[in-house]
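# Geometric and topological summary
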Amino acid sequence: MRISIVMMMVVVACSLAFTTGTVVGELIVDDDDVSLKWADHNNITAAMDASTEGEVIYVYAGSYNETVLVNKTVSIIGNGSADTFVFYDTLSDIIHIESDWVNITGLNVSGSEDSSGIDIRGQYSTVDNCTIHDSDEGIRPAASYVTIDNCTIYDCGYGTFSAYTPYVTINWCTFWDIPSYEAINGYRSSSMTLLNNTFIDSSIDLGGWLPSDYDSHEIWDCTVNGDPVYYLANTNGHTVPSGTYGQVILGDCDDVRMDDVTISDAGNGMLIAFCNDAHLSNVTLRNLSQGMYLRYSDGSLIEDFTIDGIWENGMYIDYCEDIEIARINGTNTGNDRCLYILANNQDVLIRDSVFTGFSYAIYSFATNHTYRNITFKDNNLAIYLRNSLLVNISMCLFSGDNGDIYFRDSDTATIFNNTMKNATGYSVRLESSWNITLTHNEMMGADSYAIRMDGTSGNNSVHHNNFLDNSGSSSQCYDMNGNSSWDDGAEGNWWSDWGGSGNYTIDGSTAADEYPLDDPVATSAPEKVPELGLLVALSMVAFMVIAIRRRRR
């Protein structure tokens, strides 16, 4: 059994103090003033107030209903976490450490609803052989060179929260029942040492925008639900061995390869940062809070993933360029997002995939993104694009989604050669979005309008589409402002409810398809998607056509 030097000193000190009474430099605390005739105080706070620098406060078994401010360099040594309880129903910290070189040992700490069981603001402090539970944060190491050793932390929002704090050491600790699934949150924390920790249904979370936030740590012999945590940093051209892991963390590892890996039933499955040209394939991410974080990693190929039962995000992609995501099989039960792509990602291709049952199959702030040959089924919203620019959606099949495609505050996109059927809401919605071209799409059976344009949406172009039995109101589409084009100036769309002569009127304003088609469009051809570089020119042409029509009227 591993016994630290600190613990050996504690054992010796306790054996002397608990059998011989008070000696110089020590204070004894007993909660009932009965067990020990020589006890100095019946609560820890009183002992702290009476103590001097460097003293040891021995806390005998009992229940101590108080919060403790540690503002002197002392050691507070309990009679063991099974017998010595420090608790208080409060929004503040139970034990708040302000001084350096403080040692807390052998306590059971609980009760902070909105803060920390133990908050450490003093450097070179240690927490050893304690149990912390029923707090928002179990332990908050907010100072450098803090050591947490042999502790059990459970039923806390976060196990430890050491954001912005370097040189934190956490060894031989056990974490369970962590609602955030983040047993150790080390956001912007460099040079952490994590050894022999046991995580149950939770894991490690790192974050930040510097390589040192990911590649400066020592992580050894940690497990998640019995499976190993695989950590690799500052290595190029490495291949992650195939197998089952509790978590995979890669920091600053260019040209890394991963194939045939399974991660399940935990918190964050994979964290990959500053790893350019990564090739990740045949990975299963199942029953996780977050499937994979990909950050600051350009030129990556992600293919043949199975994503199932994710509670927050299947893939969270941030600050990446030139990313290809292919053959993803994502299934869920209506929770959150399969792909979450932030605004700082460019040149992303997602293709040949299936997404079923998500709140948002793809939630994206896109610039120059392409979505091709994807099947969406029974999602609340298949593709949500916000503040997006230069997007291409083609050859996709949408079936049974509440909404198929939603553009919000977006500009310049092509929706081409897709099939959208049986949406329980709308097929395509444009809210304050401009220069969107929809052509050669099949839209059928929506419970609402096939296309709905709201807000300041305008200068959009809709032509050579088939609209079949979409509900709407008096027509199958809606255009609030009427400043978009519903034909190309010569040919419009095929409408299943068109009377056969005259314009096809669009609900919402004076908009109309002036050249409705007699026969359905063959949407399966052509298969070449218009280049995104032409979209601006096409939008200008559409704008000119609208202007000429208005002049004629």
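First, a word on scope: everything that follows refers to the structure included in this document. It should be emphasised that the depicted structure is a prediction, and the values quoted were computed from it without experimental measurement.

Right, let's talk about the sheet that holds strand 5 (residues 75-78) for a bit. Paired through backbone hydrogen bonds, the strands of a sheet run either parallel or antiparallel to each other. Taken in spatial order, the 9 strands line up as 1-2-5-8-11-13-15-18-21 in an open sheet, and their pairing is parallel. Looking at which strands have only one partner, the edges of the open sheet turn out to be strand 1 (26-29) and strand 21 (218-220). When the angles between neighbouring strand axes are averaged without regard to direction, this sheet yields 10 degrees. In terms of strand pairing, strand 5 meets strand 8 (residues 103-105) through 3 bridges, oriented parallel.

Moving on: a nonpolar patch on the surface. Nonpolar side chains collect at one region of the surface, where Trp-101, Tyr-124, Tyr-145 and Tyr-167 lie side by side and expose about 450 Å² of accessible area between them. Position of Tyr-145 among the secondary structure elements: in the loop between strand 12 (131-141) and strand 13 (146-149).

Attention now goes to the nonpolar core. Counting 146 residues, the largest nonpolar core has Met-270 and Phe-305 as the members making the most contacts within it. It is strand 27 (residues 257-273) that contributes the most residues to this core, 8 residues altogether. Among all residues touching Phe-305, those that are not within four sequence positions of it are Met-270, Leu-280, Ser-281, Val-283, Leu-285, Met-292, Met-315, Arg-327, Ile-328 and Asn-329.

Attention now moves to a negative patch on the surface. On the surface, Asp-277, Asp-298, Glu-321, Asp-322 and Asp-347 cluster together into a patch of negative charge. Within the fold, Asp-347 resides in strand 33 (residues 346-356). Judged by relative accessible area, which is 33%, Asp-347 ranks as partly exposed.

Counting across every chain of the model gives 12 salt bridges. Between Arg-257 and Asp-255 there is a salt bridge, with the nearest N and O atoms lying 3.0 Å from each other. Of the residues examined, Arg-257 reaches a relative accessible area of 33% and is grouped as partly exposed. Exposure remark for Asp-255: the relative accessible area of 34% places this residue in the partly exposed category. In this structure, Arg-429 engages Asp-454 in a salt bridge whose closest nitrogen and oxygen atoms are separated by 3.1 Å. Pair noted here: Arg-429 is in strand 42 (residues 428-431) and Asp-454 is in strand 45 (residues 451-454), with a separation of 25 residues, a long-range link. When its relative accessible area of 5% is taken as the criterion, Asp-454 is described as buried.

Right, let's talk about the pairing of strand 35 (residues 367-377) for a bit. One ladder, built from 9 bridges, connects strand 33 with strand 35; its direction is parallel. The partner of Gln-346 across the bridge, within strand 35, is Thr-367. One ladder, built from 5 bridges, connects strand 35 with strand 37 (residues 389-394); its direction is parallel. In the strand pairing of strand 37, Tyr-371 is matched with Ile-393. In this sheet, strand 38 (residues 397-399) lies alongside strand 35 in parallel orientation, the contact comprising 3 bridges. In the sheet register, Lys-377 faces strand 38, and the bridge partner there is Ser-399.

Here is what the cut-offs are and how they apply
Residues numbered from 1 in each chain as written. Predicted model: local features only at pLDDT ≥ 70, side-chain atom pairs only at ≥ 80, totals over all residues. Heavy atoms only, no water. Pairing = 2+ DSSP bridges. Helix = DSSP H or I, 4+ residues; strand = E, 2+ residues; numbered from the N terminus. Axes fitted to C-alpha atoms, helices over the stretch in contact; angles between N-to-C directions. Patch = residues over 30% accessible without salt bridge, like charges linked within 9 Å, V, L, I, M, F, W, Y side chains within 5 Å. Areas by Shrake-Rupley, 256 points an atom, 1.4 Å probe, with all protein chains shown as cover. Salt bridge = Lys/Arg side-chain N within 4 Å of Asp/Glu carboxyl O. Core = buried A, V, L, I, M, F, W, Y, C linked by side-chain atoms within 4.5 Å. Buried < 20%, exposed > 50% of the residue type's maximum accessible area, 1.4 Å probe, protein only. Contact = heavy atoms within 4.5 Å. Lys, Arg positive; Asp, Glu negative; His and termini not counted. Charge placed at Lys NZ, Arg CZ, Asp CG, Glu CD.

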